Amino acid sequence: MEVILSSPRGFCAGVVRSIDIVDICLRKYGHPVYVKHQIVHNPHVVADLERKGAITVETVDEIPEGSVVVFSAHGSPPEDFEKAKERGLKVIDAVCPLVTRVHNEAKKYHREGKKVLLVGHVGHQEVRGTMGQVEMTLIPDDSDAQLPDWDEDENVAVLTQTTLSITDTARAIDAIKGRFYNAVVRNDVCYATTNRQQAIIHIAGMVELVLVIGAPNSSNCNRLREVAEAQGVTSYLINGPDEINPSWIKGIDKVGITSGASTPEVLVESVIHALAPEKVTMLEGVEEDVEFTLPKELR
Ligand code: SF4
């Protein structure tokens, strides 16, 4: 068997930054440091930080008064900051700067009097954070969604979740533009999501199976699996080598492997080890040199 490794894959700049933030907080403030919501959607990363003294909780109400809390990379609604203030918490916001940009766009368009539409995945943490910024309407990315019953000349601004499928997003945007001819469209799917999806589209024609390494609650991992399937290749999303079903690889000569933006490379390596291929080929892909600065409290 030959393994073909997709590139780029794995950690993006926003994930690296958010993990660094928790690490630095643990050293600077001592433990425990609370983390609201999984810092990134990967159980391996979360468990690693918890071993060092981080405590992951789902709501601000669970955090003892006066504690230090890191808000996750996905972004948080203003009400979480207000609750944290009431409880006297020291908040370090690990939101990815690319998500903050979407929040700022939402506020700007709202100030201009536009009606804001957000194309996104129902129930995802990032969508919760973005929807809290100003009044807006969610357009689900996963179906031929119903559009609001507004006049066709309505001043509409369209934002998107950062980790959507590039093709589903383009389809949703086309539908919105077809319905509201004044629509101002911002496609906010981030560089990391775009690059990983384009790389797997490139590989899909070369392999018989694609394994996406990552967590089932990771949006960009799920989209990678769907993008591979849309190219006509069977694809599975697995956390690690324990989840490989031997029947998947029986008689298979070429397996493509990728991983989402929140997946540590060690998990990719352990899957390759478990497959024990005769050959591993790493394809060249887009070089990523994006870096984000730390929040000012930690610089
Ligand atoms: S996937 Fe994109 S938006 Fe999300 S943390 Fe990474 S760079 Fe930021």
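Residues numbered from 1 in each chain as written. Predicted model: local features only at pLDDT ≥ 70, side-chain atom pairs only at ≥ 80, totals over all residues. Heavy atoms only, no water.

**A word on unusual backbone geometry**
Argument step 1. Looking along the chain, the bond that leaves Ser7 and enters Pro8 is cis, with omega of 0°.
Argument step 2. With respect to the helices and strands, the residue Pro8 is situated in the loop between strand S1 (2-5) and helix H1 (13-29).
Argument step 3. Cis geometry is found at the peptide bond from His31 to Pro32, where omega equals 10°.
Argument step 4. Structurally, Pro32 can be placed in the loop between H1 and strand S2 (33-36).
Argument step 5. For His37, which is not glycine, the phi torsion reads 70° and is therefore positive.
Argument step 6. Summarising the element assignment, His37 is placed in the loop between S2 and helix H2 (43-51).
Argument step 7. Its identity as a non-glycine residue notwithstanding, Ala276 has a phi of 50°, on the positive side.
Argument step 8. Its place among the elements puts Ala276 in the loop between helix H10 (265-275) and strand S13 (279-282). (Helix = DSSP H or I, 4+ residues; strand = E, 2+ residues; numbered from the N terminus.)

**Let's talk about the domain arrangement of the protein chain**
Quoted interface sizes are often the accessible area lost when the parts come together.
Argument step 1. Taken domain by domain, the protein chain holds domain 1 (2-11 + 191-282), domain 2 (13-96) and domain 3 (98-188).
Argument step 2. Taking the mean C-alpha position of each, domain 1 and domain 2 sit 29 Å from one another.
Argument step 3. Between domain 1 and domain 2, the contact holds 13 residues from the first and 11 residues from the second.
Argument step 4. Interface area for domain 1 against domain 2, summed over the two sides, is near 860 Å², with a carbon-plus-sulfur share of 61%.
Argument step 5. Summed over the three residues of domain 1 that lose the most area to domain 2, namely Phe11, Asn217 and Ser262, the buried surface amounts to 50% of that side.
Argument step 6. One can count 0 salt bridges joining domain 1 with domain 2.
Argument step 7. Connecting domain 1 to domain 2 are 4 residue pairs in polar contact (both at pLDDT 80 or more). (Domains from an automatic or database assignment. Contact = heavy atoms within 4.5 Å. Buried area = accessible area lost by both parts, 1.4 Å probe. Salt bridge = Lys/Arg side-chain N within 4 Å of Asp/Glu carboxyl O. Polar contact = N/O pair within 3.5 Å; in protein donor to acceptor, adjacent residues only side chain to side chain.)

**Things to note about the pattern of salt bridges**
Argument step 1. The tally for this structure, following the rule as stated, stands at 15 salt bridges.
Argument step 2. Here Arg128 and Asp80 are joined by a salt bridge, their closest N and O atoms 3.6 Å apart. Taken as a pair, Arg128 in helix H5 (residues 125-131) and Asp80 in helix H3 (residues 78-86) lie far apart in primary sequence, 48 residues in all.
Argument step 3. Given a relative accessible area of 36%, Arg128 falls into the partly exposed group.
Argument step 4. Residue classification places Asp80 among the buried residues on the basis of a relative accessible area of 3%.
Argument step 5. With its nearest N and O atoms 3.5 Å apart, the salt bridge here joins Glu112 to Lys108.
Argument step 6. Since its relative accessible area comes to 35%, Lys108 is described here as partly exposed.
Argument step 7. Connected via shared salt-bridge partners are Lys36, Asp80 and Arg128. (Buried < 20%, exposed > 50% of the residue type's maximum accessible area, 1.4 Å probe, protein only.)

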